[in-house]
Amino acid sequence: MTRGGEEHRNRVVQIPGVLGVSRSATGFTTRSDIGPARDANDPVDDRHAPPGKRTVGDQMKKNQAADDDDEDLNDTNYDEFNGYAGSLFSSGPYEKDDEEADAIYAALDKRMDERRKERREQREKEEIEKYRMERPKIQQQFSDLKRKLAEVTEEEWLSIPEVGDARNKRQRNPRYEKLTPVPDSFFAKHLQTGENHTSVDPRQTQFGGLNTPYPGGLNTPYPGGMTPGLMTPGTGELDMRKIGQARNTLMDMRLSQVSDSVSGQTVVDPKGYLTDLNSMIPTHGGDINDIKKARLLLKSVRETNPHHPPAWIASARLEEVTGKLQVARNLIMKGTEMCPKSEDVWLEAARLQPGDTAKAVVAQAVRHLPQSVRIYIRAAELETDIRAKKRVLRKALEHVPNSVRLWKAAVELEEPEDARIMLSRAVECCPTSVELWLALARLETYENARKVLNKARENIPTDRHIWITAAKLEEANGNTQMVEKIIDRAITSLRANGVEINREQWIQDAEECDRAGSVATCQAVMRAVIGIGIEEEDRKHTWMEDADSCVAHNALECARAIYAYALQVFPSKKSVWLRAAYFEKNHGTRESLEALLQRAVAHCPKAEVLWLMGAKSKWLAGDVPAARSILALAFQANPNSEEIWLAAVKLESENDEYEGPEAAGQGAEQRPTARVFMKSVKLEWVQDNIRAAQDLCEEALRHYEDFPKLWMMKGQIEEQKEMMENAREAYNQGLKKCPHSTPLWLLLSRLEEKIGQLTRARAILEKSRLKNPKNPGLWLESVRLEYRAGLKNIANTLMAKALQECPNSGILWSEAIFLEARPQRRTKSVDALKKCEHDPHVLLAVAKLFWSQRKITKAREWFHRTVKIDSDLGDAWAFFYKFELQHGTEEQLLELHECFHSDLWRSFL
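Residues numbered from 1 in each chain as written. Predicted model: local features only at pLDDT ≥ 70, side-chain atom pairs only at ≥ 80, totals over all residues. Heavy atoms only, no water.

1. Concerning the pattern of salt bridges
To be explicit about the condition: The rule for a salt bridge is simple: a side-chain nitrogen of Lys or Arg has to be within 4 Å of a carboxyl oxygen of Asp or Glu. Only DSSP runs of H or I reaching four residues or more are called helices, and only runs of E reaching two or more are called strands; each is numbered from the N terminus. Using a 1.4 Å probe on the protein chains alone, a residue whose accessible area is under 20% of its type maximum counts as buried, one over 50% counts as exposed, and one in between counts as partly exposed.
Across all of its chains, the model carries 44 salt bridges by this definition. Between Glu 414 and Arg 394 there is a salt bridge whose closest N-O contact spans 2.9 Å. Residue Glu 414 is located in the loop between helix H19 (404–412) and helix H20 (416–429), and its partner Arg 394 is located in helix H18 (residues 386–399); the two are separated by 20 residues in the primary sequence. The residue Arg 750 makes a salt bridge to Glu 781 at a minimum N-O spacing of 3.2 Å. Remark: Glu 781 occurs in helix H41 (residues 776–788) and Arg 750 occurs in helix H39 (residues 742–754); sequence separation between them is 31 residues. Assessed through its relative accessible area of 37%, Arg 750 is described here as partly exposed. A cluster of three or more residues bridged by salt bridges with shared partners is formed by Arg 317, Glu 320, Glu 348 and Arg 351.

2. Section: the packing of helix H25 (residues 503–516) against helix H28 (residues 556–569)
This is how the line gets drawn: Helix axes are fitted only over the stretch in contact, all axes being lines through C-alpha atoms; the angle between N-to-C directions runs from 0 to 180 degrees. What sets the label is the angle itself: under 35 degrees gives roughly parallel, over 145 gives roughly antiparallel, 65 to 115 gives roughly perpendicular, and the rest give oblique. Contact criterion: two residues are considered in contact whenever any of their non-hydrogen atoms come within 4.5 Å of each other. Under this grouping Gly is polar, as are all residues other than the nonpolar Ala, Val, Leu, Ile, Met, Phe, Trp, Tyr, Cys and Pro and the charged Asp, Glu, Lys and Arg.
In the contact formed by H25 and H28, the axes pass within 8 Å of each other and the chain directions differ by 125°. Between H25 and H28, the interaxial angle falls into the category oblique. Residues Ala 510, Glu 511 and Asp 514 of H25 lie in contact with H28, whose contacting residues are Leu 556, Glu 557 and Cys 558. Taken together, the residues that form the contact of H25 with H28 break down as three nonpolar, no polar and three charged.

3. Considering a nonpolar patch on the surface
What counts is decided by this rule: Patch membership needs two things, relative accessible area over 30% and no salt bridge, and members are linked within 9 Å if like-charged or within 5 Å if nonpolar (Val, Leu, Ile, Met, Phe, Trp, Tyr). Computed by Shrake-Rupley with a 1.4 Å probe, the accessible areas treat only the displayed protein chains as cover when residues are assessed.
On the surface, a cluster of nonpolar side chains totalling about 520 Å² of accessible area is made up of Leu 149, Val 152, Trp 157, Leu 158 and Ile 160. Here Trp 157 shows up in helix H7 (residues 154–158). Judged by relative accessible area, Trp 157 falls into the exposed class, the value being 54%.

4. Description of the packing of aromatic side chains
Within a pair of aromatic rings, the relevant descriptors are the distance that separates the centres and the angle that separates the planes. We count it as follows: Geometry of aromatic contacts follows a simple scheme: Phe, Tyr and Trp rings, the Trp one being its six-membered ring, pair when their centres are within 6.5 Å, and the pair is stacked under 30 degrees between planes, edge-to-face over 60, tilted otherwise.
Taken as a whole, this structure holds eight aromatic pairs when the rule is applied. Judged by centre distance (6.1 Å) and plane angle (75°), the ring pair of Trp 851 and Phe 863 falls under edge-to-face. Residue Trp 851 is found in helix H45 (residues 840–852), and its partner Phe 863 is found in helix H46 (residues 856–869); the two are separated by 12 residues along the sequence. The pair Trp 851 / Phe 863 is uniform in exposure class, with both members buried. Each member of the aromatic cluster is reached from another via a ring pair, and the members are Trp 851, Phe 863, Phe 880 and Phe 883.

Function-wise, these values are silent; they only describe arrangement.
Right under this line is the structure:
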């Protein structure tokens, strides 16, 4: 490129008609034209702009890039070496060669961009993250606080104080205008000061004051501005008599406004009138403007369609709500004139009118609507005398003899004999009313009731309640063999008349019969409908659900009928027998349970649990020989059952009837299982047959060397014989076979501690923790070992390590609470509850802590919470019982349950 156009640049172009152009007096620019001066490095107004758009220079480059399409030949855009920065040929034609060249350059640019793309994007991402960290949004600054709001409880939220009022004291506490009644003496005094005179003072005429030649003057025969109002002529005093009369008149008006709208009697207490003025306050919650709008709208509806009853009713109720009861009465009475055939309008008018006026309104309504049942019912309600009510209802039945509602209301007022006569007439007038037929049947004798129900079935062949009532009638009169036939005939007849048998409705009817005491009827209904509409593969599941539903509804006889029917269909199903047995155990008698279990073992002789339930029932009833005979039969049916052998051993041991080592050894020989061996060894041990117990234990270990309880019993027997070396050897051999048995490690450690080998006990526990990591029981024993040895510092160190390895162990936290000094125990208990909120050991430790602080109520509450979470924790029951012995009454002592999982509880017993 070459620089050209020198003449063009030096030439001055003069524009005719513009002054000062030749003197270069154009192009004046001010700050108002170009705005305030800003440096290219100044930040833009948007503080959250992304990199590349944060400064004024970046924005100028962006705007300049947008205007690159325009050719710029200005001197500022020219460089001696590079020439013009813009394109000189942008206005020229764009040919195919240009397109190919652009494509090549674009491909090169793309290639170069891909080489730096990943690095550039990473750099931009880092810049954006750095920028966000330096200038976070307000929302991001408070995000952590927002997340913590989820932990705020409702009580903490409600305890947050309100924002203070920034107004000044006068605005915060405005002084309300105080109105104080002015005494009469004040008016009298000031009235005298402004008194008008009807004569001139003689002294004024003497000194030439107001004397005038006109005879009228101020002295005139007429009283002028004075009127015979509250001021007596010639005096300047108030007429108190007239003021009192006005007050009495106002009081009478207000008392009449708050009179009772029903009986016309006043409801205002004369002694407490001011407290009863609340009755004049409208009870509505709307705005006055809304009431006015509603009043205008309803008025427009009434004028547009005066024969529309809801418009009159709505208008009257609006006025009633706003406290204008008389206006409401006038409106509704006008509505009765405009809509004389509307029941609702007449009933609303009777509701709004007081006492006798309401009766007159109802009488007028009957003349216009002689067939309206609701108006007759309202007329009977307005009467206070029973005879008047009967008279009104009988008059109504003359006009509307087919109204079931009127017949029911009339019958309720009669004596049984008169009610029976009326019902006889009622069923003639309303032969399709089931309620009237059933009511008549209840009042008749047995023979007449059967006839009544037969007539009812003829008139209403599609109603099931008549058949169920007939069945209940037969059951009530001792004819139970007819109940089943009646229900079966009911199902057949209803199906013949096209009635669909709804299983759920019939089950509900059976539950009602159960609650009414008609057991045979409810059982017959259940047997008739229990299998309707159920697929064959769903019967068992559906029937069990139906039985549970009946139990939940307290319909026990219905549930018993379902179980009986299910057992007839599935006589060999162990689960059904078991469900039925549990039902009888929970809701039946001992005799019914034993009878059911006898039938159950006859159909399912291999079901061990049924035999055991029968034996336990006899045992709990004190019949040990019967329990022993049941177990003998169970032996015959299940000769290889371990559970039955163990139950027999427990029965004999609990009743102190040991059959000797021969029986125990025979049981172990015939049933060589680990549990049977263990029970046999225990029996020999309890009878002080130590040698036999050892021999039996050795034999058992030859068969079950990986059963840890046998090794424990062997070591404990040796300890009892004071053979510590043999006991140590037994425990060591057991640990070789059962290295993961925590009780074995604990027994060996306590044995070493017992004989004074504290170092060896400590080493054994360390070895056990290595073989069984994260075992809270082993850590707890290690801590207690150091504590018993008097090394409290080492115990605290071990406890810290234990909590690091087992941070969610409740038993460790409960021990850690009482390892602390008394002032720190509360803090430690809070930490324990944060880690193990629902652990029973922690809750028990907190209860004991409150107990030690003499906080009896809180301690009892935490004890209750502990035994509720884990009712099998014997330590909790033991401490709770001791606590109640010291601080409770006899009523607060709890019935303790047997619990065999706690050393403390066993030692307490």
